Amino acid sequence: MKLLFLFSALFLLLPFTSRADNDDLSLRCSQAAPPALAPNSPLPRNYAPDREVQVTHLVLDITPDFKRRTIQGTATLHFKPVLLPVRELKLDAVELAIASVTATEKIEAYQVTDENLIITFAQPIAPDQDAAVTITYSAEPTRGVYFRTPEMGYKPGDTHLFTQGESIDARHWYPCLDTPNERFTSELTCHVPEGMTAISNGRLLSETKDPATGLVAIHWSQEKPHCSYLITLVAGSLKSVQDTCHGLPLAFYTPASEIQYAQNSFRDTKDMVEFFEKEIGVPYPWAKYYQVCVNDFVEGGMENTSATTLTDRTLYTDATENIRDSVGLIAHELAHQWFGDLVTCKDWGNAWLNEGFATYYETLYDEHKYGHDNMVYELYSRARQITAMTDTTPIVRRTYASPDDMFGYLIYPKAGWVLHMLRAQLGPELYRRCIKTYLERHEFGNVVTEDLRAVIEELSGRPYDQFFDQWLYHGRFPVLEVSYSWDQRAKLARVSIAQTQEVNQDVLLFNFPLKTRFKTASGVIDRDIQVTKKSEDFYFPLSAAPELVRLDPDYTLLAKIQFHISRPMLYKQLIAKDDVAGRLLAIEQLADNRDQDTITHLQQRLNEDPFYGVRLEAARALRGIHSDEALEALLASTRQSDARVRREVLQDLADFYEQKAYAAALHSLEHEKNPDIEAVALRQLGGYAQADVQPTLLKYLHSESYENELANAAIGAIHAQDDPAYIPPLMETLSKREADFTSRGFAQGLDTLAYLARNEQNKDNVREFLLARVHHPKRTVQLAALNALGTLGDPKALVVVSDFARAGKAAPEQATAERVVTELRADRKPVDDFKNLRQEVMTLEKANRDLKKELDEVKQKVDAAGNAQPAKGHSIRKPRPELTSPKP
């Protein structure tokens, strides 16, 4: 599953931007509610459930009612006991209204609980005896199946529904054994109005119109075994673009009104299939590969067998240039067709075998399509995110409250990095053989981590216990303090390495290979070492002092490294054309300095480096330095041909809250054609109290753009303005143009409206506007309205919100309502005032800059007085500024 993790604020705005911004990070709804735990109680240990029966085949027949947002279903499960006779069959079934249960064997009784359907047979069913049960049921699902209809505020011509099973939500739309270690073949028939389509797993068998009802029965068959959570249904008013890859049918579906954008996201699919078949060594295993974009998907993407579901946020226009693409998301979900679908983790404690592989093969495709530097930058960006974490949780673990707790950064980017290190140690060819053997040996089956290790040890002839132990069964990563020195007399380079991470039962002392590279006037010398101790020195005889020393030049170690080398070496590393990782790391180290020499070098990289990722990081480093000189360097670098860098420079300028930065934002609005960059400029205006800000924001509030992106940006700036004068135009826009906004955009508008009115004496209009949306059919809007009432802080809303909290709604809504009730009863008075705070910050920054200049002048006069007769050939040097400008 492609998850949009909250590693970076960028993912909240542009979750599928190219390169470093397309990590698998998540905006997931929580799945099943975790069990209630006492404070400070240990997490439960989780294991795969017993398999008393083997489900062999599932037949689903579904009729949706789009108006009522309900389904009528019949599920037939064919099964046989595994070892012992079975008298009772316990199925997972949540919020399903069971109408009848029949079976091939005589049923004594059945009972329905909140979580299960329990069927008791009159006589035990013998081992290996084939049996079947048929359950007729209906549901008005709040999970598992999601409707998108005009009654909910979606476009009339785009009516559709979709399912989502991972991790344990299949039970919300059909009775099943909802666990990944149960695999079976399946077929699904969906009855939809003529003109609609229905997509499911496997091959399309037939489409038959029923003359009595006018509905079309669309029948799909998945003839190879897969798991409950991978069964999918998407049905409704959809259109597609299609292709084939060596006879494999490919298609990309969207809601009807969005089909013009489909090709942008779909265009690389064929190349991906060909690349993965070659890289993995195993042919694509299913009958087709369809991708379906749906409105307000609850995930980023879901790798249902042969039919991936995707968020509509992956659609984009050509106007965004190279800022947005779908390559990472599409590649990730396609890789899952092997890793997660062909072989599936036995239990959620081993979920990295699904997600880590999909993440890493997404990275490998990135290298194939865009080049090695792009791959390195993606690994670098993920490594920075991972090494910023402080928890000691291992990738493979049994302790979690809910399966969804497993779906975090550990099983995505960190697990992907573990595979990168494994590939580096084995070498690409042996690694490919290992992965091919692993997949072929376990195809259409379940795996645990030890299955992978066994194959690697068998084919490599080397033990990998320690590698798996330290990287997968224990937590964290090496934290290294490294220093270098040169002994001219002995002609020896010394590299001292200390592991400074706390070593305990959760984190081991790491044992890892580390290449060290010395660049001399006569060439490049590589030396391989093995780091095994808490602290050790390594000596390297060289003919002359090296010009540059690089640790891990191939970038194959996940570690947090502080490597202390001289400034001249850093400058050489900064311009090494064949070493993008070295250039990125040099920028990271130089970013701690504030001198003009550093700023000059960073500005040069920002404008001259051949790789866009280095230019991005140079801009970010200048933002971090945050001096007058850094501001001037950014202002001089706004003319960038690469839209990603152009946007980054503008974003970094926004951090200064200075008149020149404001002017740059206005200039960008006047001349920029890329809506993503225009949106950045608009948000930047929010921090300023200039006379022309309000008319500009109101102009864009009423503008039209794809997904109302520019109006959304204007609302973000209006939030920052914190001026109640915006309340009437904002309320009017939200009232009249709700259909133009995405659910997320409209939710942002509600929050901004409440924020602007929170200090008003009369909140009646805003309160009533929000209360009218508390029961909105869109869940995102409903939650936003509840949260906004908490922000508004009007006790007059208590009655309605209290009723909502007592109504027994779904867990997220009820929890939100209960929290808002508590806030309203507390009658808290907001004390924040961002508008005035930012104005004060700007004033303080200006005073600080003026003071710094005065001190510089005094220092120069003092130096001049002490050097009244400077020696010939010398000049008085301006001292390095020591004062820093405060950040808001």
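Since the model is a prediction, treat every value here as computed from it, not as a measurement. (Residues numbered from 1 in each chain as written. Predicted model: local features only at pLDDT ≥ 70, side-chain atom pairs only at ≥ 80, totals over all residues. Heavy atoms only, no water.)

S.K.: What is the right way to read the nonpolar core from this model?
M.R.: Judged by nonpolar contacts, the single largest core of 265 residues is most densely connected at W173, F276, W352, F357 and Y361. If sequence neighbours within four positions are ignored, F357 has contacts with F339, W352, L419, Y431, I435, Y438 and L452. (Core = buried A, V, L, I, M, F, W, Y, C linked by side-chain atoms within 4.5 Å. Buried < 20%, exposed > 50% of the residue type's maximum accessible area, 1.4 Å probe, protein only. Contact = heavy atoms within 4.5 Å.)

S.K.: Would you explain the sheet that holds strand 22 (residues 479-487) in this entry?
M.R.: Two modes of strand pairing occur in sheets, parallel and antiparallel, and in both the strands are linked by backbone hydrogen bonds. A sheet is described by the order of its strands in space; here 4 strands give the open sequence 26-23-22-28, paired in mixed fashion. In this open sheet, the two strands that pair with only one neighbour each are strand 26 (535-541) and strand 28 (560-564). Strand after strand, the sheet turns through a mean of 20 degrees between neighbouring axes, direction not considered. In the sheet, strand 22 pairs with strand 23 (residues 492-499) via 8 bridges, with the strands oriented antiparallel. (Pairing = 2+ DSSP bridges. Helix = DSSP H or I, 4+ residues; strand = E, 2+ residues; numbered from the N terminus. Axes fitted to C-alpha atoms, helices over the stretch in contact; angles between N-to-C directions.)

S.K.: So what exactly am I meant to see when it comes to the environment of F468 here?
M.R.: Mapped onto the secondary structure, F468 falls in helix 10 (residues 465-473). In sequence terms F468 and L452 are 16 residues apart; their C-alpha atoms lie 10.0 Å from each other.

S.K.: Please explain the packing of aromatic side chains as it appears in this structure.
M.R.: The geometry of an aromatic ring pair is captured by the separation of the ring centres together with the interplanar angle, meaning the angle of the planes. Applying the stated rule across the entire model yields 37 aromatic pairs. With a centroid separation of 6.3 Å and an interplanar angle of 50 degrees, the aromatic rings of F276 and Y365 are classed as tilted. Taken together, the residues span a long stretch of sequence, with F276 in helix 3 (residues 269-280) and Y365 in helix 5 (residues 352-370) at a distance of 89 residues. Y365 matches F276 in its accessibility class, with the two residues each being buried. Through successive ring pairs, a cluster of aromatic residues spans F275, F276, Y284, Y289, W338, F339, W352, F357, Y360, Y361, Y365 and Y438. Positioned above the aromatic ring of Y612, the side-chain terminus of R644 is 3.5 Å from the ring centre. Note that R758 overlies the ring of Y755, its terminal NZ or CZ placed 3.8 Å from the centroid. (Phe/Tyr/Trp six-rings, centres within 6.5 Å; stacked < 30°, edge-to-face > 60°. Lys NZ or Arg CZ within 6 Å of the ring centre and 35° of its normal.)

S.K.: Can you help me understand the packing of helix 18 (residues 675-685) against helix 19 (residues 693-701) in this one?
M.R.: What describes two packed helices is the angle between their axes and the distance between those same axes. For the pair helix 18 and helix 19, the least separation of the axes is 10 Å and the interaxial angle reads 140 degrees. One finds that helix 18 runs oblique with respect to helix 19. Handedness of the helix 18/helix 19 crossing: left-handed. On helix 19, the residues that touch E678, L682 and L685 of helix 18 are V693, T696, L697 and Y700. Of the residues assigned to the contact of helix 18 with helix 19, the class counts are 5 nonpolar, 1 polar and 1 charged. (Parallel < 35°, antiparallel > 145°, perpendicular 65-115°, else oblique. Left-handed = near helix turned anticlockwise from the far one by under 90°. Nonpolar A, V, L, I, M, F, W, Y, C, P; charged D, E, K, R; others polar.)

The values reported here are purely geometric and, on their own, carry no functional implication.
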